[in-house]
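Chains, contacts and geometry: an overview
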Amino acid sequence: MSSTDGSTFKHTPLLSKTSIRLLTILPDSGRPIRCSVSVAELQREITYDCLSYTWGDPLYRGLSLPGDRNDDRYSNQNLFPESIECNGKSSPVGQNLFDALLRLRSSGYGNANCPIWIDAICIDQGNIPEKNDQVAMMGHIYESARSVIIWLGPDDVYTDAAIDVMNRLASVPEAHTRARFTDLMGDDVSEQLKINPAISRQEWLCYAASLQRHWFTRIWVVQEACLAKQITVFFGSKEVSWSSLMACARLLEKTNLANLLADLIIREQNALTNKTTPFDKSILSSGVNNQYIYTVLKGETKARITLEKILSYSRYFNAGDERDHVFGIKGIWEKTNDVTTTMQEYMKPEYDMRMKLDLVFTNATYASICETGDLNIFRLVEHVPHWSQRLETLPSWVPDYRQKPQLQPIATRPGQGQNKKRWDASAELTWELPPFSKGQKHLIVRGFQIDIVDEAGPSMLETMEQFAILDLLNILFHYPSLTYPDGSNYFDSFWRTLIKDTFRDISADNEAREAFHCLILKLYWELKFISQLATNPVNHGVIPSLDRIQELKSIYDQDDNSPERIRLDDIYDDFEKPFKEAFSHRRFFRTRHKYFGITAESLRTSDSVWILAGADAPYVLRHAGDTDNSWRIVGEAYVHGMMNGEALKGDIQLGELRLV
């Protein structure tokens, strides 16, 4: 639509570094949408709302066949197919923003008494210095607003059923959410949650598809939702409760329904596209339930949230400008921390083309190291061949925050705190903040080499899908000693390494060893080789005998509801979880000093195992080739018998090494 005089809207300059523009939607029912834009001073008491939305197509298309799109308006290749009138002049806008403005106008939002802040209109996107300043204070803009209005996008074929499911789930009392489900369509889901009528498969799909809308995947919405004083959610023509959305998120996470919904979506997509998803898909990422992250962060906005934790969460979200994986979380970090001027400088938004993505990620990683006073952010570094394309120009010690996480950190999950720490490989080693300057790519750290990788075994994917369990057991079969280096049984150390010695969140016990028997039964049927291992005098029952295998097999051939079958299924499920968490996208290895370990799939023989001052877990490093003292991080490692300072006995000489 053309404006009254045919000219294009131009932004008037802001008056100060703390000025913002606000948009007022003028009362009208026709087209174009008529608005006025004015400058306001954020330092003064002003009343306004903020809009949270996604710039592109807001809908999820994964369950739609070609030609079966439920809103073709978003297929337009033109990024700004619509136009509104601002101060009497034409301003192009995206389709989703145009739909949001129509919804706001019909609901009475954005009026003269309470104008609205919308990033696409209120920031001069072509003015890079202004954009840098405005993005730097977006956290303050959202937390100062009267309320944040979330626009999830227009109605689609899933909306009505999704809202119905959400209302049913949100009404489930907290006392009924203690179960963890393994079958989405099992009768016990509706029975234990007291849902009536039961949720059908098609209803679950509609709900899951709605949670896959692009708003839930956008990095900026984390800050926008978490800093809001009040939230209004528009779901097409409906208004839904933010508290209901969050109640559902907590229920899905607590009961394992989030993972089951993700599996359902994947199976349905595979059926539509005739593709298959490997067994070893990420155990960490659930696109269905990114909203759970909002519940965690919003609940912690009155407490301290480390930059490491927020950067870790940022990997689950998408960003149009990939630098926003850092810039988009700056506001929520500053809100909950006493951030020093130095750390602020490392996190300063700069959209100039000279500020490359690798420098943004590197500066943010160093800011996190400054804040936590340790090197544990290294655990977010992932080198996963065939699964993700790591940014080639990144230093090896810097995580790629664009990539969805595939690994469960070995030491602890980011942000759990010292009281939750399981391992402390560097124990009392003195840690010093490495010297660093903005734009630098190397990092000087202190540590010492404890071993070298002598034999690399199969990865979990190879073990589970290519039946390479034989290669894994061969490492045990050809173990070059009668005892483990710490004097313990090497058979026992072997299976404990596979689960980083963790069963039901504590050190593994005899039930875990029995569950290991079940794993062998499920994965490998070459009884002759099993028999050779089982009769080894050092075995002591770790590898099941042929008689035990036959006994287990007879139990599994029984009725599924027999007490012993249920017991074995329970302990196997409890074993499989840490097995997947520890071994997924990792590779088993043995060192020259006969230690067992697991680390990144990209491991090679002759890689070195190091203890680094300031790191809770050992790390596998590889010579970079630049100088004798230049190293690249291969990955965080679990080394059985080296996880709690055992390597520090005796006279330890720390040396400096240059991570590149």
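1. Let's talk about a nonpolar patch on the surface
On the surface, W55, L79 and F80 cluster together into a nonpolar patch covering about 350 Å² of accessible area. By relative accessible area, L79 is classed as exposed at 66%.

2. A word on the nonpolar core
Ranked by internal contacts, the top residues of the largest apolar core, which has 141 residues, are W117, W204 and F378. Top contributing element to this core by residue count: helix α16 (residues 357-372), with eight residues. Setting aside its immediate chain neighbours within four residues, F378 contacts I369, W397, L443, L612, Y619, I633 and L659. The next biggest cluster of nonpolar side chains, apart from the first, holds 69 residues, and it includes L429, A515, V538 and I571.

3. Observations regarding the layout of surface pockets
Its boundaries defined by the atoms lining it, the second largest pocket holds a volume of some 470 Å³. Taken together, 21 residues line the second largest pocket, and the ones lying closest to its centre are W55, R218, W220, G320 and D324. Looking at the lining of the second largest pocket, its residues break down into eight nonpolar, seven polar and six charged.

4. Some details on the confidence of the model for the protein chain
Averaged over all residues, the pLDDT of the protein chain equals 87, while 90% of them reach at least 70. When the criterion is pLDDT under 50, residues 277-286 qualifies, and its contacts beyond four places in sequence or with other chains add up to 33 contacts. The low-confidence segment residues 415-419, where pLDDT is below 50, has three contacts with residues more than four positions distant or belonging to other chains.

5. Topic: the environment of D451
Note that D451 resides in strand β10 (residues 443-459). D451 sits 58 residues away from D509 along the chain, and the two C-alpha atoms are 28 Å apart. Every residue in contact with D451, bar those within four places of it in the chain, is listed here: T591, R592, H593, Y595, S608 and V609. There is a polar contact of 3.4 Å between the side chain of D451 and the backbone nitrogen of R592.

6. Some remarks on the pairing of strand β1 (residues 19-25)
The two faces of the sheet receive side chains in turn, since in a regular strand these alternate between them. For β1, the tally of buried residues reaches seven of seven residues, placing the bulk of the element in the interior. Side chains of β1 alternate between two faces, with S19, R21, L23 and I25 and I20, L22 and T24 buried alike. Pairing of β1 with strand β2 (residues 34-41) involves seven bridges; the strand directions are antiparallel. Residue pairing for β2: I25 is matched across the bridge by C35.

7. Examining the packing of aromatic side chains
Applying the stated rule across the entire model yields 27 aromatic pairs. Between W215 and W242, the aromatic rings sit 6.3 Å apart at their centres with planes inclined by 85°, giving edge-to-face as the arrangement. Of the two residues, W215 sits in the loop between α7 (201-211) and α8 (220-226) while W242 sits in helix α9 (residues 242-255), which places them 27 residues apart along the sequence. By relative accessible area, W215 is classed as buried at 0%. Classification of W242 by relative accessible area gives buried; the value is 11%. Seen in terms of ring centroids, Y479 and F596 are 5.1 Å apart; in terms of plane orientation they differ by 50°. Their pairing is tilted. Separated by 117 residues along the polypeptide, Y479 in the loop between α18 (469-477) and α19 (490-498) and F596 in strand β12 (residues 596-600) bring together distant segments of the chain. This pair shows no difference in class: Y479 is buried, exactly as F596 is.

8. Some words on the packing of helix α5 (residues 159-170) against α9
For any two helices packed against each other, the geometry is given by the interaxial angle and the distance between the axes. Two elements in contact, α5 and α9, have axes whose closest approach is 9 Å; the angle formed by their N-to-C orientations is 70°. Between α5 and α9, the angle falls in the class roughly perpendicular. Seen from α5, the contacting residues are M166, L169 and A170; seen from α9, they are S244, L245, A247, C248, L251 and L252.

9. Remarks on α5
Over its 12 residues, α5 runs 16 Å from end to end, which matches the ideal 16 Å to within 8%, given 1.5 Å per residue. When we look at burial in α5, the residues that qualify are T159, A162, I163, V165, M166, R168 and L169. Contacts made by the buried residues of α5 are with α7, β8 (231-235), β9 (238-240) and α9.

10. Here's the deal with the packing of α5 against α7
Closest axis-to-axis distance for the α5/α7 pair is 8 Å, and the angle between their directions is 95°. Compared by their axis directions, α5 and α7 come out roughly perpendicular. Touching A161, A162, D164, V165, M166, R168 and L169 of α5 are E203, W204, C206, Y207 and S210, all from α7. For the contact of α5 with α7, the class distribution of residues is eight nonpolar, one polar and three charged.

11. Brief notes about unusual backbone geometry
Backbone phi values are negative for most residues with the exception of glycine, while trans is the configuration of most peptide bonds. With an omega dihedral of 5°, the bond running from R31 to P32 counts as a cis peptide bond. One can find P32 in the loop between β1 and β2. Here the bond from N196 into P197 is cis, since omega is 0°, no more than 30 degrees from zero. With respect to the secondary-structure elements, P197 resides in the loop between α6 (187-193) and α7. Of note in the backbone geometry, D505 takes a positive phi value of approximately 70° without being a glycine. Within the secondary structure, D505 is located in the loop between α19 and α20 (510-523).

12. Topic: the environment of H383
Mapped onto the fold, H383 is located in the loop between α16 and β10. Between the C-alpha atom of H383 and that of L476, which follows or precedes it by 93 residues, the distance is 26 Å. Here the side chain of H383 touches I633 through a polar contact of 3.2 Å, landing on its backbone oxygen.

Procedures and definitions
- Residues numbered from 1 in each chain as written.
- Predicted model: local features only at pLDDT ≥ 70, side-chain atom pairs only at ≥ 80, totals over all residues.
- Heavy atoms only, no water.
- Patch = residues over 30% accessible without salt bridge, like charges linked within 9 Å, V, L, I, M, F, W, Y side chains within 5 Å.
- Areas by Shrake-Rupley, 256 points an atom, 1.4 Å probe, with all protein chains shown as cover.
- Salt bridge = Lys/Arg side-chain N within 4 Å of Asp/Glu carboxyl O.
- Buried < 20%, exposed > 50% of the residue type's maximum accessible area, 1.4 Å probe, protein only.
- Core = buried A, V, L, I, M, F, W, Y, C linked by side-chain atoms within 4.5 Å.
- Helix = DSSP H or I, 4+ residues; strand = E, 2+ residues; numbered from the N terminus.
- Contact = heavy atoms within 4.5 Å.
- 1 Å grid on protein atoms, 1.4 Å probe; cavity = no way out; pocket = protein on both sides within 12 Å on 5 of 7 lines; lining within 4 Å.
- Points joined across faces, edges and corners; volume = space filled by probe spheres on them.
- Nonpolar A, V, L, I, M, F, W, Y, C, P; charged D, E, K, R; others polar.
- pLDDT = per-residue confidence, 0-100.
- Polar contact = N/O pair within 3.5 Å; in protein donor to acceptor, adjacent residues only side chain to side chain.
- Pairing = 2+ DSSP bridges.
- Phe/Tyr/Trp six-rings, centres within 6.5 Å; stacked < 30°, edge-to-face > 60°.
- Axes fitted to C-alpha atoms, helices over the stretch in contact; angles between N-to-C directions.
- Parallel < 35°, antiparallel > 145°, perpendicular 65-115°, else oblique.
- Expected span 1.5 Å × (residues − 1).

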